[in-house]
Amino acid sequence: MATEAPEQVPADEIESMSIADSESQDQPASSSSPSVPLSLDERYDLLRSIAEECIQEEELKNLLDKKAEPICYDGFEPSGRMHIAQGVLKAINVNKMIAGGCRVKIWIADWFAQMNNKMGGDLKKIETVGKYFIEIWRSVGMNLDSGKVEFLWSSKEINARSHEYWPRVLDIARKNKLPRIIRCSQIMGRTDHEELTAAQIFYPCMQCADIFFLQADICQLGMDQRKVNVLAREYCDDIKKKNKPIILSHHMLPGLQQGQDKMSKSDLSSSIFMEDEEAEVNTKIKKAYCPPEKVEGNPCLEYVQYLIFPWFHEFTVERSEKNGGDRTFTKFEELSAAYAKGEVHPGDLKPSLAKALNRILEPVRSHFKNDKAAKQLLQSVKNYRVTR
């Protein structure tokens, strides 16, 4: 295993680059901490709105009541170009956590990406992708100026505090049978039927240990990471730890085509990438699966629900006067009901969705076009072959 670690990247000292010239009026309302402190109930509602599932709600309420600044943990494998589920949705969720009074630790899982054979296991390429990811979040509006977000490289942190980390990993491994660990393989984008490498067997034990290593009160990751987060709660029972990590699992956005449970970086038609040109976004949305009068399993409606409404708090379907004129919705439930009745047609929904997405992505495109260092990062990432 490589032992060289990239330099630490504090949120306020990321290499490269000011993006002041590309800041947009289209930043999400949740991108700034509220000027008036939120009540306990308001903080709870804000954090609960992030998650499709919360384990457990009463524990979350108690945590917010007892601790002024809970630590939220999120993490990612640097593994290629970033799609909107990683870019926009994570920015929305992190900003909500900050507004809810939390401190956010984002774990740049470079060693984990190497273990999972991302970028062919090349740690230098993985490091470049990690820096590119941070630039994306800066430019899209993640509230990094708050001082409440910290980016931590797993290789650097583990090397610096190995005496704390590895005993925990080994204890988790010792207390769990192999089938239980293999059931967590979904966290790596694998199935429990695949032939896993020894590194991939060890991976869930390490990710479970991360939660305790980072002293996380809240695990805020996608539903695909649920099993390892539950493993951490089970481990708390094993070691008689009273305060278990609370799990806030956000919804996984589907791919653009029918039957795609989530976006895939290896299938360009399934994803909208954060620096896609306006015409590319328009074309991908135009070709997306969007059956008339069908709400369930409709990726276009899901993008409106989980990206557009949290960002703009409204969605306008632009139509000709002949087709009823423009119609603005302030709640997703109103839109979905109208769509199910045939009052909104896919031919009107799609271009309106594409327009809204392009408003969000324009500062990102501008940043990667106009900033020399960011532009070089993007070109390097585009040149890398995505490996699984």
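Each remark here, short or long, concerns the structure printed above.
Owing to the predicted nature of the structure, the values given are computational and were not obtained by experimental measurement.

1. Examining unusual backbone geometry
Item 1. Put simply, I55 and Q56 share a cis peptide bond, and its omega is -5°.
Item 2. Looking at where Q56 falls in the secondary structure, it is placed in the loop between β2 (53–55) and α2 (57–66).
Item 3. For N117, which is not a glycine, the phi torsion comes out positive at approximately 65°.
Item 4. Structurally, the position occupied by N117 is in the loop between α4 (110–115) and α5 (123–140).
Item 5. Notably, K240 is not glycine yet its phi reads approximately 60°, a positive angle.
Item 6. Among the residues examined, K240 registers a relative accessible area of 72% and is labelled exposed.

2. Some details on the environment of C54
Item 1. Take C54: it is sitting in strand β2.
Item 2. Its relative accessible area of 10% is what places C54 among the buried residues.
Item 3. Distance from C54 to S249, taken between C-alpha atoms, is 6.5 Å for residues 195 residues apart in sequence.
Item 4. Contact partners of C54, with chain neighbours within four places excluded, come to R48, L60, I246, I247 and L248.

3. Let's talk about the nonpolar core
Item 1. With 113 residues, the main nonpolar core has I84, V88, Y132, I308, L335 and L349 as its most contacted residues.
Item 2. Residues within four places of V88 in sequence aside, it is in contact with V140, M274, L307, W311, I360 and L361.

4. Thoughts on the side chain of K350
Item 1. Here K350 lies in helix α14 (residues 346–370).
Item 2. Only 2.8 Å separates the side chain of K350 from the backbone oxygen of K286, close enough to count as a polar contact.
Item 3. Separated by 2.7 Å, the side chain of K350 and the backbone oxygen of A288 make a polar contact.

5. Examining the pattern of salt bridges
Item 1. In total, this model carries 22 salt bridges according to the counting rule given.
Item 2. Put simply, E53 and R226 hold a salt bridge, and the shortest N to O gap is 2.6 Å. In this pair, E53 sits in strand β2 while R226 sits in helix α10 (residues 226–238), placing the two residues 173 residues apart along the sequence.
Item 3. The partner of E277 in a salt bridge is K369, and the shortest N-O contact between them spans 3.2 Å. With E277 in the loop between β7 (246–250) and α11 (278–286) and K369 in helix α14, this residue pair connects regions lying 92 residues apart in the sequence.

6. Digging into helix α3 (residues 84–99)
Item 1. Given a rise of 1.5 Å per residue, 16 residues ought to cover 22 Å, and the 22 Å separating the end C-alpha atoms of α3 matches this to within 8%.
Item 2. Along its length, α3 reaches its greatest deviation from straightness, about 25°, at K90.
Item 3. Of all 16 residues in α3, 16 are buried; the element is thus mostly enclosed.
Item 4. Phi for G101, located one or two positions after α3, is positive at around 90°.

Definitions and limits used
- Numbering of residues begins from 1 in every chain and follows the order in which that chain's sequence is written.
- Local features in a predicted model are, by the rule used here, given only for residues with pLDDT of at least 70; side-chain atom pairs are given and counted only at 80 or more, and totals for whole chains, interfaces and linings are based on all residues.
- Excluded from the side-chain calculation are hydrogens and water; included are all heavy atoms of the structure.
- Strands are runs of DSSP state E lasting at least 2 residues, helices are runs of H or I lasting at least 4, and numbering of each runs from the N terminus.
- Note on classification: 1.4 Å probe, protein chains only; a residue is buried when its accessible area is under 20% of the maximum for its type, exposed when over 50%, partly exposed between these limits.
- Should any heavy atoms of two residues lie within 4.5 Å, those residues are considered in contact.
- Residues belong to one nonpolar core when they are buried, are Ala, Val, Leu, Ile, Met, Phe, Trp, Tyr or Cys, and are joined through side-chain atoms within 4.5 Å.
- The term polar contact refers here to a pair of N or O atoms within 3.5 Å; inside protein, the definition further demands a hydrogen-donor-capable atom paired with an acceptor-capable atom, and it admits residues adjacent in sequence only when both atoms are side-chain atoms.
- Here a salt bridge means any side-chain nitrogen of Lys or Arg lying within 4 Å of a carboxyl oxygen belonging to Asp or Glu.
- For a helix, the expected span equals 1.5 Å multiplied by the number of residues minus one.
- A residue's bend is the angle separating two fitted axes: one through the seven residues that end there, the other through the seven that start there.

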